[in-house]
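# A closer look at the structure
The lines below spell out each chain.
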Number of protein chains: 2
Amino acid sequence: MTAYQDLEARFRRLGVLGGVEQVLHWDRAVMMPQGGATARSDQLAELSRLEHDLMTAPEMADLLAAAAETTSELSPWQRANLGGMQRLWRHATALPGDLVTALSHANSACEMIWREARGRNDFTAVVPALETVLARVRDKAQAKAVALDLGPYDALLDAYDPGMRQAEIDAIFGDLRGFLPDLIGQVIDRQAAGPALLPLGGEITVAAQRALGERIMAAIGFDTDFGRLDVSHHPFTAGVPDDVRITTRYKEGAFTESLMGVIHETGHALYERGLPEAWRWQPVGVARGMTIHESQSLLMEMQACRSPAFVSFATPIMRDTFAGTGPAWAADNLLRLYHKVDRTPIRVEADEVMYPAHILLRYDLETAMVAGDLAVADLPGAWCDGMRALLGIDVADDKDGCMQDIHWYGGDFGYFPTYTLGALAAAQLFRAACDADAGVMAGIGRGDFTPLLAWLRAHVHSKGSSLGTNELLEEATGAPLGVAAFRAHIDARYLA
Amino acid sequence: MTAYQDLEARFRRLGVLGGVEQVLHWDRAVMMPQGGATARSDQLAELSRLEHDLMTAPEMADLLAAAAETTSELSPWQRANLGGMQRLWRHATALPGDLVTALSHANSACEMIWREARGRNDFTAVVPALETVLARVRDKAQAKAVALDLGPYDALLDAYDPGMRQAEIDAIFGDLRGFLPDLIGQVIDRQAAGPALLPLGGEITVAAQRALGERIMAAIGFDTDFGRLDVSHHPFTAGVPDDVRITTRYKEGAFTESLMGVIHETGHALYERGLPEAWRWQPVGVARGMTIHESQSLLMEMQACRSPAFVSFATPIMRDTFAGTGPAWAADNLLRLYHKVDRTPIRVEADEVMYPAHILLRYDLETAMVAGDLAVADLPGAWCDGMRALLGIDVADDKDGCMQDIHWYGGDFGYFPTYTLGALAAAQLFRAACDADAGVMAGIGRGDFTPLLAWLRAHVHSKGSSLGTNELLEEATGAPLGVAAFRAHIDARYLA
C-alpha cells in the first residue's frame, strides 16, 4: 500500500463518520424528543473525539509528506484529493487542544446567553461572553494563519470556502458596494409606482403546502428514493449523497416561504446527490465549499423558480392546490409577490436585492472585529451606521439589529460572505447554463428541469472538490467570480 | 486513575457508541429512503470496527486482571459492573477475526436466499446456505464455549440472557411441556362451547388507531418528552433511556394488533427509561437481558392490558375512537377478542396460550442443531413432527412452517427461548406486584398505571444488570423463574 492509498483508507473512515454525524444532527433537529439532548451531545462529542484521533494519528504527518513526494504518480483527481487531505489535516492540527476546548465552551456559553438576552433586547448582557468568543476566535485565526500560511481572516474563511481570500472578496464586494445602495432605491421606487400587490385568499393549509412542495421538488429533480422532506425550526439540508434530507417550515395561511424553502434546499440536495460517486467519502468527492453550495440553492430559488417562466407554469398548480381564485391568483400578481423588494431589517427575511447589502454590513463588521479594529461594545453603533449607509434603514433595536443572527454568538466568523458570493455565483452559472442550452429556460417554463440539471451535473456537481471555486466558475462560465451576471439579472428582473 | 476507573471510562465510550448505533438502526427501519442502504451499512461497519478496536485494545486484558485484584475496594454495583465488562470482553475476544467475517457473510447470504426462497416455499433452495450458517454458528459456539467455560449452546444463550443456562431451561420447559399440550386443548374446547366472537364494525382508520395508541401509551406511562412512536414493518423498541423510540404497524380496518403492538413496545420502553441513571453507558446500567426485557413487554401486553379490568376501562374509549356500536363493541366481546386462543401455525400471530408451544418446538430443534443431532436437511420433517406433537397442528407447507422465522437464517440461535422465559417471568412479576399492592390492579381498572409502574421501577427497572435474571426474580417475587405463576394465570383467565 502506498502512502497515498493509506491516506485514502483513513479519509474514507473519516468521511463515513461524517455521514454518521449528519444522521445525528438531522435527527436532533427533526425527530429527537427534548429528553435526548444530553445523550446526543455525548454521542456527537464521542464521534468528534474518534475523528480527531484518526485525523491526528502520529503517522499522518509522515504519510502526507510521503504522498506529497509521489504526486507525479497521481492522477489530477488524486492530486486534488491529496491537497484536500493536507488542508483538512492542517486545519485539524492547527489548534492546541486547550484552545479547542476554550472555543467550544466560549461558543456554547455565549450562544446560551444570546438566546436569552436577545428576547430582552439586552445587548449589554451578552457583551462579556461575545468578547470572550471574539478573543478565542482571534486566537484560532492566529493559530490557523500560522499553520496555513494565510492572514487571520483568510484562515477562518478557508474553513467555509477553501481557497477563497479576503482580498478577492474585498474586490468583488467593492464592485457591489459601488452600485447596490442606489440600485435598491431605484427598484423600490419603481415598485412603488407599479400596481399594488393583491393579498392572497384561498385555503392555504399545511397539508396543501406540503403536497405542493413535494410536487415541485420532484419536478426539479429530487428523487425520494434517495432523500426525504421533513419539518424543522430552521430549514436545512443534511445527510449523504444517496440519502439527502431536506427540511422546511410551514405557516398556516402562507405558502410562499415554505415553497421557496423547499426549492432552496432542493438546490442544495441536488448538488450533494450529484457529487462524483467514484470519490465517495474522499475530500475531493465533497462539495466545493459554502459559496458553490449556496450558488446551487440560490440558482434554483432565485434564478430558476422566481423567473416569470416558472411562476407562469406554477400559477395554475398553486391556484388548484390552494383553491385560489380571482386576480390575486393570476401569474402577474404571484410574480409581484415573488419579486417584492423591501427595506427589511432582518437578513433571513430579505429579498435578493437587499440581501447582499446585509452581507456587506456583516462582512465589514466581522473583518474589523477579527482585525481588532472594532470592539464588541461598539458593535451596536457600527451596526446602526452601516444599516443606514448600506441599506437605508434606521435600526429600531439591537434585538432585530446586531443580535439578529446566531453566527457571531456561536463563534462563526468568516461564514457570512459566502451567502452573497453564492448569490453572485448563482447568477453567473445560471446565465452560462441558459447561454449554453436554450432548452434550459424552455424546460423551466414547462416545469421540466432536466436540461438545467444536466448542465449543473456536468459543470458543477460532478466536479466535487477537484477544482477551486474560481477554477470551477471559470471552466463553467468562462470567468472568475464577479458581479456582472448578478447585476444584469437584477437589472433585467427589476428595472427592465 | 485505578484500573477499574480506566475501564469505566472505556466502557462509557462503548456505551455511547452503542447509542449511536441505535439511532442508525432506528433511522434505517423508520426513516431512511432505500437509496441510503449502502452508506448506512458503511456507517454501521465503521462503528463496529471502532467498538471492536476499543474493546480489544491490547491493554484491556491487563486492566481487567488488575481491576479483578481490587474487588474488595469496589461497591456491589461496581463489582457487578466489572463482571459485565469481563463478560462483554470475553464475548468480543472469543472469536478469531476470520470467523467474525465468515459469520457475517454466511448470515447475510442465507438471509437473502431465505427471503426469496420463502416466497416460493422452496426449503431445498436454502439448505446449503443454512448448512453454512449452522456450521459457522457451531464454530462460534465452540469458540465461545472455550472462552466462557460453558457448553456450546450455553455460550450462545449467554449473549441474549447473561447467566441463563440450558439445564435451567430444560427444567422449566420440561414443566411446561408436561401440561401445555393438554391445556391448549381444554381452552380451545371451552371457547368453542362459549359465545361466538362478534365481528367488529366501526370506522377503524389508521389515524384513529394512532390516536388510541398514543392515548393508551401515555396512560401506561410513556412520556413523549423522552421518546417517540413511529411506524415500521416490524414493531420494535430502540434508542437510549432518555430517548426511547418505539414503533408499531397499522392495518386499515383492524386495530387490535396495532394497539397491542404499542402496549408491548411501551413495556420495553418503560424498562429502558427506568434503568439506573447513575450507571448510564456502563454494562451494569443496561437491561438485564432478553428474558427480563420480554417480561416487561409481555407484562404490559398480556398481564395488564388483556385483563378484564383494563379491557372494561378501555371499551368506551375504543367505542368512541372507532365509532363502534352494538354488542360487538361491548366489553365482553372485546375481551373474547383479546382472549381468543387458536391453533395458529404462525408464531408471531400466536396467542399467549399457544406461543410457548411454538417456542418449545424451536428450542428442541435449535438445541439439536447446535449439538449436531439434527441436520438442516431433516428440519422440515422434525418441524412437522413437533408441530403435531406439541401444538396439534398439521403443517401445510415449509413457508409457514420451518421457514416462517428469520432467526436461524440470520444466524440467531439461542434467542428463541427468551420469548417464553419472558412470558413466564411476566406472569411471576405481575402476580408479585398485585400481591404487594392492591392498588396495582385497582389502578389498571381505571387506566392508572402509576402503582404498577412504581413497583416495576423499584423491583426491576432500577436494578439494571446489577442482579442476574434469577436473582432479580427471587428478590422481586420470592422465587426463581418457574412456570407456576404462568400456569395459574392461564387457568384463571381461560379455564375459571
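Source: prediction; values computed, not measured. (Residues numbered from 1 in each chain as written. Chains lettered and ligands numbered in written order. Predicted model: local features only at pLDDT ≥ 70, side-chain atom pairs only at ≥ 80, totals over all residues.)

This part takes up the overall build of chain A. Looking only at helices and strands, chain A has 20 helices and 3 strands in total. On C-alpha atoms alone, chain A measures out to a radius of gyration of 23 Å, which is about the 23 Å that the 2.2 N^0.38 rule sets for 496 residues. By principal-axis analysis of the C-alpha atoms, chain A measures approximately 70 × 50 × 50 Å. A separation threshold of at least 6 residues defines the contact pool for chain A, and within that pool the share at least 24 residues apart is 71%. (Helix = DSSP H or I, 4+ residues; strand = E, 2+ residues; numbered from the N terminus. Rg over C-alpha atoms; globule rule 2.2 N^0.38 Å. Contact = placed C-beta atoms within 7 Å.)

Another aspect to go through is the sheet that holds strand E3 (residues 243–248) of chain A. Residue and element names in this part refer to chain A. Taken in spatial order, the 3 strands of this open sheet run E1-E3-E2, and their pairing is mixed. The outermost strands of the open sheet, each flanked by one partner alone, are strand E1 (227–231) and strand E2 (237–240). Across the sheet, the mean angle from the axis of one strand to that of its neighbour is 20°, orientation sign disregarded. Examined bridge by bridge, E2 and E3 share 4 bridges and lie antiparallel to one another. From the neighbouring strand, Thr 237 faces E3, where its bridge partner is Ile 246. Most of the contacts of helix H10 (residues 256–273) go to E3, to which it runs at about 165°, and overall it touches E1, E2 and E3. (Pairing = 2+ DSSP bridges. Axes fitted to C-alpha atoms, helices over the stretch in contact; angles between N-to-C directions.)

Moving on, we get to the relation of the copies chain A and chain B. If you rotate chain A by 180° and push it 0.0 Å along the axis, it lands on chain B with an RMSD of 0.0 Å. The transformation relating the two chain copies, once decomposed into turn and shift, fits a two-fold axis. (Least-squares fit on C-alpha atoms with pLDDT ≥ 70 in both.)

So, on to helix H15 (residues 379–391) of chain B. Residue and element names in this part refer to chain B. Here H15 spans 17 Å end to end across 13 residues, near enough to the 18 Å set by a 1.5 Å rise per residue. What H15 keeps buried is the set Leu 379, Trp 383, Gly 386, Met 387, Leu 390 and Leu 391. One side of H15 carries all its buried residues, which in axial view fall inside an arc of 105°. H15 presents Gly 381 and Arg 388 as exposed residues on the side facing more than 90 degrees away from its buried surface. Structurally, H15 contributes buried residues whose contacts are with helix H8 (166–193) and helix H14 (355–371). (Expected span 1.5 Å × (residues − 1). Buried ≥ 20, exposed ≤ 12 C-beta atoms within 10 Å, placed from the backbone. Arc of directions from axis to C-beta.)

Reports often express the size of an interface as the amount of accessible area lost when the parts come together. Residue and element names in this part refer to chain A. Assigned domains of chain A: these are domain 1 (3–94) and domain 2 (130–202 + 265–496). The distance between the C-alpha centroids of domain 1 and domain 2 comes to 28 Å. Taken together, the contact pairs 16 residues of domain 1 with 13 residues of domain 2. Here the element with the most residues in the side of domain 1 that touches domain 2 is helix H4 (residues 76–94); it accounts for 11 residues. Residue classes in the side of domain 1 that touches domain 2 are distributed as 7 nonpolar, 5 polar and 4 charged. (Domains from an automatic or database assignment. Nonpolar A, V, L, I, M, F, W, Y, C, P; charged D, E, K, R; others polar.)

Residue and element names in this part refer to chain B. The sheet built from 3 strands is open, its strands ordered E1-E3-E2 with mixed pairing. Each edge of the open sheet carries a strand with a single partner, namely strand E1 (227–231) and strand E2 (237–240). Direction aside, neighbouring strands of the sheet carry axes that sit 20° apart on average. Here 5 bridges tie E1 to strand E3 (residues 243–248), and the two strands are oriented parallel to one another. Looking at the pairing, Arg 228 lines up with Arg 245 of E3. Across the sheet, helix H10 (residues 256–273) is in contact with E1, E2 and E3; its angle to E3 comes to roughly 165°.

Before going further, it helps to examine the interface of chain A and chain B. Of the residues lining the interface, 28 residues belong to chain A; the matching set on chain B comes to 28 residues. If you list the elements that add at least two residues to the side of chain A that touches chain B, you get helix H1 (3–30), helix H2 (37–55) and E1 of chain A. Considering each element in turn, the side of chain A that touches chain B owes the most residues, 8 residues, to H1(A). Considered class by class, the residues forming the side of chain A that touches chain B number 12 nonpolar, 8 polar and 8 charged.

Turning our eyes to something else, we now look at helix H13 (residues 331–338) of chain A. Residue and element names in this part refer to chain A. Asn 333, Leu 334 and Tyr 338 are the residues of H13 that are buried. Mapping the buried residues of H13 onto a view down its axis gives an arc of 140°, with all of them on the same face. On its buried face, H13 is in contact with H10 and helix H12 (308–322).

This part takes up the packing of helix H11 (residues 290–304) of chain A against helix H16 (residues 417–436) of chain A. Geometrically, a packed helix pair is captured by the angle between its two axes and the distance between the axes. Residues and elements named next belong to chain A. Taken N-terminus to C-terminus, the directions of H11 and H16 make an angle of 60°; their axes are 7 Å apart at the nearest point. Here H16 runs oblique to H11, going by the angle between their axes. Like other packed secondary-structure pairs, H11 and H16 cross with a definite hand, here right-handed. Across from Met 290, Thr 291, Ile 292, His 293, Glu 294, Ser 295, Leu 298, Leu 299, Met 302, Gln 303 and Ala 304 in H11, the residues of H16 making contact are Thr 418, Tyr 419, Leu 421, Gly 422, Ala 423, Ala 425, Ala 426, Ala 427, Leu 429 and Phe 430. Per-class residue counts for the contact of H11 with H16 are 14 nonpolar, 6 polar and 1 charged. (Parallel < 35°, antiparallel > 145°, perpendicular 65-115°, else oblique. Left-handed = near helix turned anticlockwise from the far one by under 90°.)

Our next topic: the pairing of E3(B). Residue and element names in this part refer to chain B. Here E3 lies mainly inside the structure; 6 of its 6 residues are buried. Residue alternation in E3 divides its side chains into two sets, Asp 243, Arg 245 and Thr 247 and Val 244, Ile 246 and Thr 248, and both sets are buried. From the end of E2 to the start of E3, which pair antiparallel, there are 2 residues.

Residue and element names in this part refer to chain B. Its place among the elements puts Glu 203 in the loop between H8 and helix H9 (206–220). For Glu 203, a count of 10 C-beta atoms within 10 Å gives the class exposed. Distance from Glu 203 to Thr 321, taken between C-alpha atoms, is 8.4 Å for residues 118 residues apart in sequence. The contacts of Glu 203, once residues within four sequence positions are left out, are Ala 208, Phe 322 and Ala 323.

Below, the discussion takes up the confidence of the model for chain A. Per-residue pLDDT for chain A averages 97, and the proportion of residues at 70 or more is 100%. Predicted complex, confidence summary: ipTM 0.94, pTM 0.95. (pLDDT = per-residue confidence, 0-100.)

Moving on: the environment of Gly410(A). Residue and element names in this part refer to chain A. By the secondary structure assignment, Gly 410 is in the loop between helix H15 (379–391) and H16. A sequence separation of 347 residues divides Gly 410 from Leu 63, and the C-alpha atoms of the two residues are 34 Å apart. When neighbours within four sequence positions are excluded, Gly 410 is seen to be in contact with Asn 107 and Glu 111.

All names here are of chain B. By the secondary structure assignment, Ala 3 is in helix H1 (residues 3–30). As for Ala 3 and Met 60, which are separated by 57 residues in sequence, their C-alpha atoms are 9.5 Å apart. Once residues within four sequence positions are removed from consideration, Ala 3 is found in contact with Leu 63, Ala 66, Ala 67 and Thr 70.

Another point: unusual backbone geometry. Residue and element names in this part refer to chain A. Positive phi, close to 55°, is recorded for Asn 121, a residue that is not glycine. Positionally, Asn 121 belongs in the loop between helix H5 (97–119) and helix H6 (123–148). Here Asn 121 falls in the partly exposed class, since 14 other C-beta atoms lie within 10 Å of it. The phi torsion at Ala 323 lies on the positive side, around 50°, for a residue other than glycine. Considering the arrangement of structural elements, one finds Ala 323 in the loop between H12 and H13.

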